[in-house]
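Report on the structure
Next come the chains, spelled out residue by residue.
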Amino acid sequence: MSESESDSPEPDPDAPAGSDETETDALLFGVWETDDIAYADPSTKRYINVTPIAHTMGRHASKQFQKSEISVVERLINRLMQTEENTGKKQQAMRIVRDAFELVHEGTDENPVQILVTAVENAAPREETVRLKYGGISVPQAVDVAPQRRVDQALKFLAEGAYRGSYKTPTSAAEALANQLMGAADYDVGAYAINQKEEAERVAAAAR
């Protein structure tokens with residue numbers, strides 16, 4: 001054994017795999033960095049996970065609430081699959097998101113992953129309405145929304161907005177999704193996701 005090899009430190013067998021000390025150069029879709037993402041809302045930060053992996057082969061599906069451990073990009077892809085055209089077609093949904101990210105970068109000159117995180121934070125409703133029954137009478141009651149459900153609802157609004165924007169129109173699904181992401185990130189009330197959030201909070205405010 002040479003002197004240089006003997007001086008090199010040996011790996012610690014007790015160190016956890018994938019610790020924070022390990023640096024990775026993996027990129028989302030081979031293009032976008034997922035490090036240094038800024039979070040403006042501390043309540044949803046725990047549930048907006050960003051990783052360079054966009055397809056985990058459904059390994060989260062066997063445990064309740066495990067969905068919050070996978071990337072928010074994959075969760076958006078899964079939401080896009082909940083339509084007649086994209087049901088079960090994950091590669092097609094991934095292609096839509098990949099193309100939408102390219103359009104977002106062209107339109108904003110920013111990291112589209114950051115735009116997605118900001119859009120989810122802006123489109124997440126803080127209040128919603130439930131119905132309580134008193135003696136056979138249904139009464140609406142405003143309640144606070146749990147952080148995990150806030151993220152779920154935001155992704156739902158973004159996916160629905162992309163579907164409505166591209167259904168029976170010349171606009172492609174990727175372009176419609178890009179418009180939704182940029183509009184929600186800028187808090188444009190004209191964007192479907194922001195409009196739905198404002199509507200939910202308006203109804204809840206009237207039911208307080």
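Since the structure is predicted, the reported quantities are computational estimates derived from the model, not experimental observations.

**Regarding the pairing of strand 1 (residues 127–134)**
- By the bridge criterion, 8 bridges tie strand 1 to strand 2 (residues 137–144) in an arrangement that is antiparallel. Bridge pairing links R131 to P140 in strand 2.
- Hairpin geometry of strand 1 and strand 2 is characterised by an intervening segment of 2 residues between the two adjacent antiparallel strands and by a positive phi of about 60° at G135.

**Focus on the environment of V73**
- Tracing the backbone shows V73 in helix 2 (residues 72–80).
- Taking the C-alpha atoms as reference points, V73 and N49, separated by 24 residues in sequence, lie 8.6 Å from one another.
- Ignoring any residue separated from it by four or fewer positions in sequence, one finds V73 in contact with L28, F29, V97, F101 and L116.

**A closer look at helix 2**
- Counting buried residues in helix 2 gives 7 out of 9 residues, a clear majority hidden from the surface.
- Buried within helix 2 we find V72, V73, E74, R75, L76, I77 and L80.
- Where helix 2 is buried, its residues touch helix 3 (90–108), helix 4 (112–123), helix 5 (147–166) and helix 6 (173–185).
- For helix 2, the capping residue at the N-terminal end is S71, with a side-chain oxygen 3.2 Å from the backbone nitrogen of V73.

**Some points on unusual backbone geometry**
- Of note in this structure, K168 is not a glycine but carries a positive phi near 55°.
- As for its position among the elements, K168 is in the loop between helix 5 and helix 6.
- Residue Y187 is not a glycine yet carries a positive backbone phi of 55°.
- Tracing the chain through its elements places Y187 in the loop between helix 6 and helix 7 (192–206).

**Observations concerning the nonpolar core**
- By size, the foremost hydrophobic cluster in this structure holds 46 residues, and its most contacted members are F29 and F101.
- What F29 contacts, discounting residues up to four positions off in sequence, is A54, V73, I77, M94, V97, R98 and F101.

**Some points on the pattern of salt bridges**
- One pass over the full model with this rule turns up 8 salt bridges.
- A salt bridge links D152 to R75; its shortest N-O distance comes to 2.2 Å. One end of the pair, D152, is in helix 5; the other, R75, is in helix 2, with 77 residues separating them in the sequence.
- A relative accessible area of 12% means that D152 is categorised as buried.

**Let's talk about the packing of helix 5 against helix 7**
- Between helix 5 and helix 7, the least distance of the axes is 8 Å, while the angle of their chain directions is 130°. When the interaxial angle is binned, helix 5 and helix 7 end up oblique. For the crossing formed where helix 5 meets helix 7, the hand is right-handed. Where helix 5 abuts helix 7, its residues F157, L158, E160, G161 and R164 lie against Y192, A193, Q196 and K197.

Cut-off values and rules
- Residues numbered from 1 in each chain as written.
- Predicted model: local features only at pLDDT ≥ 70, side-chain atom pairs only at ≥ 80, totals over all residues.
- Heavy atoms only, no water.
- Pairing = 2+ DSSP bridges.
- Helix = DSSP H or I, 4+ residues; strand = E, 2+ residues; numbered from the N terminus.
- Contact = heavy atoms within 4.5 Å.
- Buried < 20%, exposed > 50% of the residue type's maximum accessible area, 1.4 Å probe, protein only.
- Polar contact = N/O pair within 3.5 Å; in protein donor to acceptor, adjacent residues only side chain to side chain.
- Core = buried A, V, L, I, M, F, W, Y, C linked by side-chain atoms within 4.5 Å.
- Salt bridge = Lys/Arg side-chain N within 4 Å of Asp/Glu carboxyl O.
- Axes fitted to C-alpha atoms, helices over the stretch in contact; angles between N-to-C directions.
- Parallel < 35°, antiparallel > 145°, perpendicular 65-115°, else oblique.
- Left-handed = near helix turned anticlockwise from the far one by under 90°.

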